[in-house]
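Next come the chains, spelled out residue by residue.
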Amino acid sequence: MDFMQIIFLLCAALILGAALMVVTTRNMIHAALWLIATLFGVAILYVLLNAGFLAVVQVVIYIGAIAILFIFAVMLTRREMRDQGPQLNNGWWMAVLISLLSFGGLFLLFTNWSGFGKMMVNIPAGTDTLRELGSALVSPNAFVIPFEVASVLLLAALIGAVYVSFRGK
Amino acid sequence: MNFWNDPINFVSVWLRSLFSGWGMADWLVNVLLAVMGIVVLIICAMILDIMLVWVERKVVARFQDRFGPNRVGPFGLIQPFADIIKLLIKEDITPIGADRIIFNLAPIFAMTAVLLLWAILPLGSVIYGVDLNVGVLYIIATGAIGTLSIIMAGWASNNKFALIGAFRTVAQMVSYEIPMLVAMLIPTILAGTMSVNGIVQAQNVWFVILSPIGVLIFIISAIAELGRSPFDLNEAESEIVAGFHIEYTGIKFGMFYASELLHTFTFGGFIATLFFGGWRGPFAETYPLLGVFYLFIKAMFFYWVIMWVKYSMPRIRIDHMLAFNWKFLTPLAFVLLIVTAVVDKVLAQTNYHATGLLLANIIVGWVTIEILRIHARSLRKKDEIPAQPSTQAAHH
Amino acid sequence: MVPLSWYLTLSAALFNIGLFGVLARRNAVAILLGIELMLNAVNINLVAFWRYGDPTVITGQVFAIIVFAVAAAEVAVGLALIISVYRNRSTVIANDIDMLKW
């Protein structure tokens, strides 16, 4: 049990525990806050995977924007301050069954894959992943088209969200 | 390597030999040294925070033509300690119906968001917490945690005014993150790296000369991010009675107040680091402690500038503030970013790099003022026209 | 050293917790929270495969960044829709939003 494994296990416990609280708690604000704990755990996991830029982008976008959007949406769609009614469907036991079956199926698929027990290789010294990521996103031989399409998608989402919720004075 | 040339390494090597001499395992020594470094940095930040309370009260008093605290200790220097003792012995009230855990977590998150910033602020040429290669983005990330703490405080107080204050504050902070990020991208382009250390190392010419409008945009959006006047809708005493921290008493309110002051000073430090050379100065490379001194002077100067703006200007209304951001600051910041990137690329290796960028900034500023003038003139003309038919009607 | 199997198991578990949230919750905002969990699980998977495969080829991280952008866009539009539905029907229980127009 070396250091990285301990950190990974603690991080995984945080992520899975917070995710379980997200889907089972009655109070929606608490669910949004547990989501923030999950997202923070995922950011720590990215740091463990040497993807530092993705970790910071995760905090900025998910916690700084999406989670705050969720909290605002929860606050704007409550009629009273207390919690109301049961929060699980009538068929929730079927949902548990489907989730467990799906997890079992995925796990079975993974164990039959040859590369399942792979270990980490060292990143060759001198590769600057940040610089490579930047040039990959704007280079015509690499990923400039998906990048631009994602920008157009965000613009469409922006206009769409404003239009849908515009009350029209 | 002696103490004056490389203080942190000298002390850590000495401590490591001490701990290994006592027979500690290697990994324990590493963990212990890291924890000691963190604790020392936090203690320095918090002692600075206490002194900032004194600076704040003295400076506001001088702006308002009075003396400020001068009874408790010489020049009132012990006043902050008296303030903190008063806050500590106040009754700790949690309102009925408030969410206890979130209510108590919010001031902790506010203070955490500020202390996390001190990890990447380079205090000297070899004195810094950690050298992240995404330092500029990390600043925005910690701002996000601060915004989160305000929503938690506003919601958990079970108070409509706190909620309204929290909504307005969060709208303001999320809006002003964009021009702040774009203004921080300008030193990134000029230095070629997102690491704050790298930006300081690349400032042979201070970036304020290469991009004065960038500094202005950054200072304005930093004041809005901090929630300081004239953008202090969240604590508008005359409007919504202290906003999101109405229900906080005692040391929890002290945490919010102290975290705001320390946040202001830290942002003064970042203005100095990103645009004004940071710890650079005569002899700062050979004697890093001198670099700490230079950074402190510059950060204190910008803290004073932010306080000057706070105590001289009236509060801005929320719709004016958001219109100012989305209709003026953000387009200006993006135009400036494009102009800076193009000019920097074209004039990269020539002798005209600095003058070209300065000229480009002056042109952008002049064009902006012309556009504003034409816009203001057309608005004034629209207001004047209805006056004429009524005078003609009066003649008849 | 952490083998790849741990990361894959973690992301599969997170995906399935999100799946349970989507299938079993009544509140529409809670369903969106479940979708966010699933997107995060996919991202963990992508970045783990990038790291354990060939870290010099940056495709994994680019894919993860595009997933970030898509998740942000989807949350924005989804929450706008939910708020608009709440204004018309005064409910966010997914079961009760069952008539198009009357």
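Remember, it's a predicted structure, so these values are computed and weren't measured experimentally.

Asks: An account of the interface of chain A and chain B is requested, with residue identities and associated values reported.
Replies: Contact with chain A, which involves 23 residues of that partner, is made by 21 residues of chain B. Of all residues in chain A, the largest losses of buried area upon contact with chain B belong to V56(A), F72(A) and M75(A), amounting jointly to 26% of the total for that side. Taken together, the connections running from chain A to chain B amount to zero salt bridges. Scanning the region where chain A abuts chain B turns up zero residue pairs in polar contact (both at pLDDT 80 or more). Elements with a contribution of two residues or more to the side of chain A that touches chain B: helix 2 (28-48), helix 3 (52-76) and helix 5 (129-138) of chain A. The dominant element in the side of chain A that touches chain B, judged by the number of residues it contributes, is helix 3 of chain A, at 12 residues. Residue composition of the side of chain A that touches chain B, grouped by class: 16 nonpolar, four polar and three charged.

Asks: Give a detailed account of the domain arrangement of chain A, specifying residues and quantitative values.
Replies: Domain parsing of chain A yields domain 1 (1-82) and domain 2 (128-169). The C-alpha centroid of domain 2 of chain A is placed 23 Å from the C-alpha centroid of domain 1 of chain A.

Asks: Go over the interface of chain A and chain C with me, naming the residues and quoting the values.
Replies: Each side of the interface is counted separately: chain A has 83 residues, and chain C has 69 residues. Interface area for chain A against chain C, summed over the two sides, is near 7200 Å², with a carbon-plus-sulfur share of 76%. Where chain A packs against chain C, one counts zero salt bridges. Viewed at the interface, chain C and chain A are joined by seven residue pairs in polar contact (both at pLDDT 80 or more). Of all the secondary structure elements, the ones that give two or more residues to the side of chain A that touches chain C are helix 1 (3-24), helix 2, helix 3, helix 4 (92-111), helix 5 and helix 6 (144-164) of chain A. In terms of residue class, the side of chain A that touches chain C is made up of 61 nonpolar, 16 polar and six charged.

Each value, and the rule that gives it
- Residues numbered from 1 in each chain as written.
- Chains lettered and ligands numbered in written order.
- Predicted model: local features only at pLDDT ≥ 70, side-chain atom pairs only at ≥ 80, totals over all residues.
- Heavy atoms only, no water.
- Contact = heavy atoms within 4.5 Å.
- Buried area = accessible area lost by both parts, 1.4 Å probe.
- Salt bridge = Lys/Arg side-chain N within 4 Å of Asp/Glu carboxyl O.
- Polar contact = N/O pair within 3.5 Å; in protein donor to acceptor, adjacent residues only side chain to side chain.
- Helix = DSSP H or I, 4+ residues; strand = E, 2+ residues; numbered from the N terminus.
- Nonpolar A, V, L, I, M, F, W, Y, C, P; charged D, E, K, R; others polar.
- Domains from an automatic or database assignment.

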